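A structural walkthrough
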Amino acid sequence: MAGVTERTQVGIIGAGPGGLLLARLLKVHGVESVILEARTRDYVEGRIRAGVLEQGTVDLLEEAGVAERLHREGLVHDGVEIAAGGRRFRIDFRELTGKTVTVYGQTEVTKDLIAARLAGDGPIVWEAADVVPQDIEGDRPSLRYTVGGEERTLACDFVAGCDGFHGVSRTCLPAAASRTYERVYPFGWLGILADVPPCSEELIYARHEDGFALASMRSRTRSRYYLQCSLDDDVSNWSDDRIWAELKRRFGPQVAPHIVTGPSIEKSIAPLRSFVSTPMQHGRLFLAGDAAHIVPPTGAKGLNLAASDVHYLCRALVAHYRKADPSLLAAYGETALARVWKAERFSWWMTGMLHRFHDEASFEAQMQRAEIDYLAGSRAAQLSLAENYVGLPF
Ligand code: APR
Ligand code: PHB
């Protein structure tokens, strides 16, 4: 093995929420790990991402001992609103399911997990370049990487690929045994962050003939909005004034008067895709989070799916180390995928119902309007949305 060799129990690739939460939960259960992260701490802590946590994710963050600021600053939401066809209606999660969601930025979750890690849990190797998993089919895998120009090798028992959609882990699965499922949507989301009070106490998802819009927030003084836009659009085409005017148009006359405008702190366009790569494990390599699957953000599932994968993987690794029980590790991919596919379905369904795909005079657009009309008037339909939005059981 080239260079300096270190050793740990679990080698984790990626210091996003998935890798960080896995490292923290393993530590709580007495299992050591090392995290190799390609970027700098500032870069990782500066990423703007979604911000809706399922109850199960909040419970995991409590188990990880990093929920103190979340409970202090997070906003508990009992429901969401849907605005379409000139009307708005509310879906009451608490009344329908007894559960809630918590609005707390993924950026903050990441900062809380990094702080806990650096308080003594173990190392995060920042700017770890050219990470290459080795011997994952044997019982002595390792991670080769370079940092500061020095080649190193991390010997470990298991490798957790928490390196996101563009990471290296998924490429280590043998092509013959792998299968991917993908849907790339024919539009993007233009997101804007601004220090203005939210237009509503809760999130509002809007379907408009010119496209989807979403009113979200990071706190009572910081708002996050999204607009459906074309894939070949460019954020330079969207002045703040144009964004605010389009948001008011799409949310309609009942909401528009409550939209407080102000200068954007950040604005960007992101594509939407549904993606799943199977299997989620090979030999001693286990994928978790965006490394294995992507959801369109309409259902706010990305972070929450990383959390449930991590829950299953941590439980399986602890069973191996504490009880010499290999069964949960052997079943990890199948167990995680069972929940992943249901979240993929929900995210695809929410996206299909609320975005403009076709001409408004088309049969498909009429089906969208009927779907929303049914949702507005059916407790059964609202319960279905609610139980998926607050999070299906782990
Ligand atoms: N080597 C080391 N680190 C890597 C590599 C690599 N080859 N490739 C990627 N990384 C790092 C990235 O820099 C990032 O910090 O892995 C981390 C992956 O984090 P995420 O992409 O956030 O993925 P995950 O932890 O699964 O969290 C999923 O994050 O991106 C959002 O929408 C997504 O909400 C979802 C959540
Ligand atoms: C966000 O606040 O960024 C957010 C909220 C709900 C979504 C997507 C994004 O469905």
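Right, let's talk about the overall build of the protein for a bit. Looking only at helices and strands, the protein features eleven helices and 21 strands. On C-alpha atoms alone, the protein measures out to a radius of gyration of 21 Å, which is about the 21 Å that the 2.2 N^0.38 rule sets for 394 residues. C-alpha extents for the protein along the principal axes are approximately 65 × 40 × 40 Å. For the protein, the residues scored as buried account for 56% of the 394 residues in total. Taking the contacts inside the protein whose residues are at least 6 apart along the sequence as the reference set, 72% of them involve residues at least 24 apart.

Okay, the sheet that holds strand S5 (residues 75–77) next. Reading across from one edge, S4-S8-S5 is the order of the three strands in this open sheet, with antiparallel pairing throughout. Looking at the sheet topology across the chains shown, the edges are occupied by strand S4 (52–53) and S5. Relative to strand S8 (residues 101–103), S4 is paired through two bridges, and the arrangement is antiparallel. The partner of Leu53 across the bridge, within S8, is Thr102.

It is worth spelling out the site of ligand 2 at this point. Around ligand 2, a shell composed of 14 residues is seen, among which Tyr205, Ser216, Arg218, Tyr226 and Pro297 lie nearest. In this structure, Arg218 approaches ligand 2 through a side-chain N or O atom, which is 2.8 Å from an oxygen atom. Between ligand 2 and the protein, one listed contact pairs an oxygen atom with a backbone N or O atom of Thr298 at 3.3 Å. Taken together, the elements giving at least two residues each to the shell around ligand 2 come down to strand S16 (213–217) and strand S17 (223–229). Of the residues in the shell around ligand 2, the class split is nine nonpolar, three polar and two charged.

Moving on to the packing of helix H1 (residues 17–28) against helix H3 (residues 55–63). Two elements in contact, H1 and H3, have axes whose closest approach is 9 Å; the angle formed by their N-to-C orientations is 50°. One element, H1, and the other, H3, form an angle in the oblique class. Mapping the contact onto sequence places Leu21, Leu25 and Val28 in H1 and Leu60, Leu61 and Glu63 in H3.

Let us look at the pattern of salt bridges. If you walk through the whole model with that rule in mind, you get 28 salt bridges. Glu95 is the salt-bridge partner of Arg379, the closest N and O atoms lying 2.9 Å from each other. With Arg379 in helix H11 (residues 379–389) and Glu95 in helix H5 (residues 93–97), this pair connects stretches of sequence that are 284 residues apart. For Arg379, a relative accessible area of 52% puts it in the exposed group. Beyond isolated ion pairs, a larger network of salt bridges with shared partners links Glu68, Arg69, Arg72, Glu73, Glu108 and Asp112.

Below, the discussion takes up the sheet that holds strand S13 (residues 158–161). What holds strands together in a sheet is hydrogen bonding between their backbones, with the strands either parallel or antiparallel. Overall, mixed pairing links the six strands, which are arranged S9-S3-S2-S13-S20-S19 in an open sheet. Strands with a single pairing partner mark the edges of an open sheet, and in this sheet they are strand S9 (124–125) and strand S19 (281–282). Pairing analysis gives four bridges linking strand S2 (residues 10–13) to strand S3 (residues 33–36), with the strands arranged parallel. Counterpart to Ile12 in the pairing with S3 is Ile35. Each of S2, S13 and strand S20 (285–287) is contacted by helix H8 (residues 302–323), which is oriented at about 175° to S13, the strand it contacts most.

Considering all chains together, one arrives at five cavities of 30 Å³ or more under this definition. Looking at the largest cavity, its volume works out to about 60 Å³. Glu54, Lys301, Arg339, Lys342, Ala343, Asn388, Gly391 and Leu392 are the residues that line the largest cavity. In terms of residue count, helix H9 (residues 327–354) provides more of the lining of the largest cavity than any other element does, three residues in total. Grouping the constituent residues of the lining of the largest cavity by class yields two nonpolar, two polar and four charged.

Relative to the helices and strands, Val147 is located in strand S11 (residues 142–147). Taking the C-alpha atoms as reference, Val147 lies 23 Å from Leu21; in sequence the two are 126 residues apart. Beyond its immediate stretch of four places on either side in the chain, Val147 contacts Val125, Trp126, Glu127 and Arg152.

What counts, and at which threshold
- Residues numbered from 1 in each chain as written.
- Chains lettered and ligands numbered in written order.
- Predicted model: local features only at pLDDT ≥ 70, side-chain atom pairs only at ≥ 80, totals over all residues.
- Heavy atoms only, no water.
- Helix = DSSP H or I, 4+ residues; strand = E, 2+ residues; numbered from the N terminus.
- Rg over C-alpha atoms; globule rule 2.2 N^0.38 Å.
- Buried < 20%, exposed > 50% of the residue type's maximum accessible area, 1.4 Å probe, protein only.
- Contact = heavy atoms within 4.5 Å.
- Pairing = 2+ DSSP bridges.
- Near = heavy atom within 4 Å.
- Polar contact = N/O pair within 3.5 Å; in protein donor to acceptor, adjacent residues only side chain to side chain.
- Nonpolar A, V, L, I, M, F, W, Y, C, P; charged D, E, K, R; others polar.
- Axes fitted to C-alpha atoms, helices over the stretch in contact; angles between N-to-C directions.
- Parallel < 35°, antiparallel > 145°, perpendicular 65-115°, else oblique.
- Salt bridge = Lys/Arg side-chain N within 4 Å of Asp/Glu carboxyl O.
- 1 Å grid on protein atoms, 1.4 Å probe; cavity = no way out; pocket = protein on both sides within 12 Å on 5 of 7 lines; lining within 4 Å.
- Points joined across faces, edges and corners; volume = space filled by probe spheres on them.

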